[in-house]
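Structure assessment
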Amino acid sequence: MAARLEISSLSLRYSQGAPLAISALSLTIPEGSCVGIVGPTGAGKTTLLHCLAGILGKHHPGIVLSGRLQIGDVAYEGFPRDILFPTVGLVLQDPFVQISGVRDKVYEELLFTIENTGRGGEGSDFLIQSVLRNLGIEHLANRKPTTLSGGETQRVALASILIAEPSVLLLDEPITALDATAQAKLRAILKGLHGKTTVLLTDTQIDFPLSVCDEIVILDQGKMIVAGKPRQLLSDGHDLANVGGWKRWGRITARLKDLSHEASREAPRILKALGLR
Amino acid sequence: MILRIDLSAKLALVGLLWVCAFMLPWAYQAFLCVLVITARFAIPQLRPQSERSSKAFSRFLLYSVAVATFVILLNSMLIRGGATMGSILGFSLYEEGLFFGVRTASRLLLLTYAVLLFFVSTPLKELIRFLQQKGLSPSFTLILLLTLHFLDHLPARIHQIFLAQQARGAPVDAGIVSRSRALLSILSPLVLSSIVESIDRGTALELRGFLNRPQDARLITQPTAERNALTIILLAGTIILLLATLSRWLLG
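Below or above, wherever it landed, is the structure these notes cover. (Residues numbered from 1 in each chain as written. Chains lettered and ligands numbered in written order. Predicted model: local features only at pLDDT ≥ 70, side-chain atom pairs only at ≥ 80, totals over all residues.)

1. Quick notes on the sheet that holds strand β10 (residues 223–228) of chain A
Residues and elements named next belong to chain A.
- Overall, mixed pairing links the six strands, which are arranged β6-β7-β8-β3-β9-β10 in an open sheet. The open sheet has two free edges, formed respectively by β6 (88–91) and β10, since each of these has just one partner strand. If you compare each strand with its neighbour and ignore which way they point, the axes differ by 20 degrees on average.
- Relative to β10, strand β9 (residues 215–220) is paired through five bridges, and the arrangement is antiparallel. For Ile-216, the partnering residue across the bridge sits in β10 and is Gly-228.
- Where helix α1 (residues 45–53) meets the sheet, its contacts fall on β3 (34–38), β6, β7 (168–171), β8 (198–203) and β9, and the angle it forms with β6 comes to roughly 145 degrees.
- Running at roughly 165 degrees to β6, helix α6 (residues 150–162) makes contact with β6 and β7 of the sheet. (Pairing = 2+ DSSP bridges. Helix = DSSP H or I, 4+ residues; strand = E, 2+ residues; numbered from the N terminus. Axes fitted to C-alpha atoms, helices over the stretch in contact; angles between N-to-C directions. Contact = placed C-beta atoms within 7 Å.)

2. Section: the pairing of β6 of chain A
All names here are of chain A.
- By the alternation rule, side chains of β6 split into Val-88 and Leu-90 and Gly-89 and Val-91, which are all buried.
- Pairing geometry for β6 and β7, over four bridges, is parallel. Counterpart to Val-88 in the pairing with β7 is Val-168. (Buried ≥ 20, exposed ≤ 12 C-beta atoms within 10 Å, placed from the backbone.)

3. Focus: the environment of Val-74 of chain A
All names here are of chain A.
- As for its position among the elements, Val-74 is in strand β5 (residues 74–77).
- Of the residues examined, Val-74 has 12 C-beta atoms within 10 Å and is grouped as exposed.
- Each C-alpha atom of the pair Val-74 and Ala-3 lies 9.9 Å from the other, and the pair is 71 residues apart in sequence.

4. Brief notes about the packing of helix α4 (residues 106–117) of chain A against helix α5 (residues 123–134) of chain A
Residues and elements named next belong to chain A.
- Two elements in contact, α4 and α5, have axes whose closest approach is 10 Å; the angle formed by their N-to-C orientations is 120 degrees. Judged on the interaxial angle alone, α5 and α4 are oblique. Like other packed secondary-structure pairs, α4 and α5 cross with a definite hand, here right-handed. Here Tyr-107, Leu-110, Leu-111 and Ile-114 of α4 come into contact with α5, specifically with Ser-124, Leu-127, Ile-128 and Val-131. (Parallel < 35°, antiparallel > 145°, perpendicular 65-115°, else oblique. Left-handed = near helix turned anticlockwise from the far one by under 90°.)

5. What about the interface of chain B and chain A?
- Contact with chain B, which involves 22 residues of that partner, is made by 22 residues of chain A.
- Every element with two or more residues in the side of chain B that touches chain A is listed here: α5 (124–133), α6 (138–167), α7 (176–207) and α8 (217–221) of chain B.
- At eight residues, the largest contribution of residues to the side of chain B that touches chain A is made by α7 of chain B.

6. Notes on the packing of α6 of chain A against helix α7 (residues 180–193) of chain A
Residue and element names in this part refer to chain A.
- Running from N to C, α6 and α7 point in directions that differ by 20 degrees, and their axes come no closer than 10 Å. Taken as axis vectors, α6 and α7 run roughly parallel relative to one another. As α6 packs across α7, the resulting crossing turns out to be right-handed. Across the interface between the two elements, Gly-151, Gln-154, Arg-155 and Leu-158 from α6 touch Ala-182, Lys-185, Leu-186 and Ile-189 from α7.
- Along the lines of polarity and charge, the residues of the contact of α6 with α7 split into four nonpolar, two polar and two charged. (Nonpolar A, V, L, I, M, F, W, Y, C, P; charged D, E, K, R; others polar.)

Next up, the structure:
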């Protein structure tokens, strides 16, 4: 079941005296909605997701975290110090490492997650079949996970997390290794999750988040630069290029500017292509 | 009580062979090495689980014979004692060194063949599941899993890095000296990428609840436990051999 995600004044340093990796970030994601974090390399996108999943708190004892996280009714002062799975599910940037390597079939790979959550039992088969069907990968059920293509692996990695029915799904640059067709399939999957799971995804490009997210946050050097709905960002695209620090994330704003310009001329086609209509 | 070659029996067999490698004379060890190789072909449960493991086993046999020969020759040349048994390239081979080399080589071969037989005939997933069912600590299982995964993918990774270094002009195809120099350019990325991938893979497994696996989860896949007579026989054999060696040592 989807949960509201609320991040209040999150600041993060990897150690005392180190520069801020994330600076006073506040963000509220309504339950069931999808938010995209866009920013250049080193903006703090992956750090943010790892922090929310509890990896940073657990594996970096010297990390300095402050702020407050609330997922549904559960609040974490100073952010979680343990992995929040299955409440929070994180799909890593490289989907190939998400495959456990201890199961021979995609079906069993999903069963592996179920076993880890201790739920197992008779309902497992139904659950696995429904996740495979929803992600359009029923035909991969008996395939060996290590023989899949990049796009297929991405969807299996996603399925291996979704099978645990997380309230919040975090996707770290999910389209990095995907071609246009695979991106379209992922876009359809994410739209299908709308209302069912709260999704937070990251990307270095703005096109994909524009097409699937309800809200987009542009992050740079750990600070939120701009946040808004896709339409709003598209209409403000020209002005964004004038905001300070544009050199680092200028590629993103330039793309927004292009899209805004194109949108004003060819609005129907562009909006349709981006799935906004 | 049943009699079958399952994972517990295989582990007990490895244990027995390891004890034999330290307790028995070299002639027995050499005989056991032959038995292990024969078992790999003759017993279905001990056959390699894939074509890849079959090839790896054959290749390893070839390498191990080369290493054993090298160990024997080196010891024969360096440990000078007893009669001269002959000479190679002007170096004399001595009796004492030869027997020491044979003893060392047969022990090493038996130790490695026992482990090799276990791993080529046991799929990784089966081993991990078995360890989980036996209640092994999830952290230890995770470390073992990552190590075995790394070893499994090592040849492919070396090949990949070899090609990458070749593409940037490293003399990986030249003579032995150049190849040795180029080794560093292969080892560094190999070690670094392996560490990074192991961390990522470990994190990914943690993110799927591997370390927080509830104890009850063991029951989901655990078949009805039934004592395996073969495991008990092999364990008993190991204990008897240990006791016999200990008694012999105590009685002089």
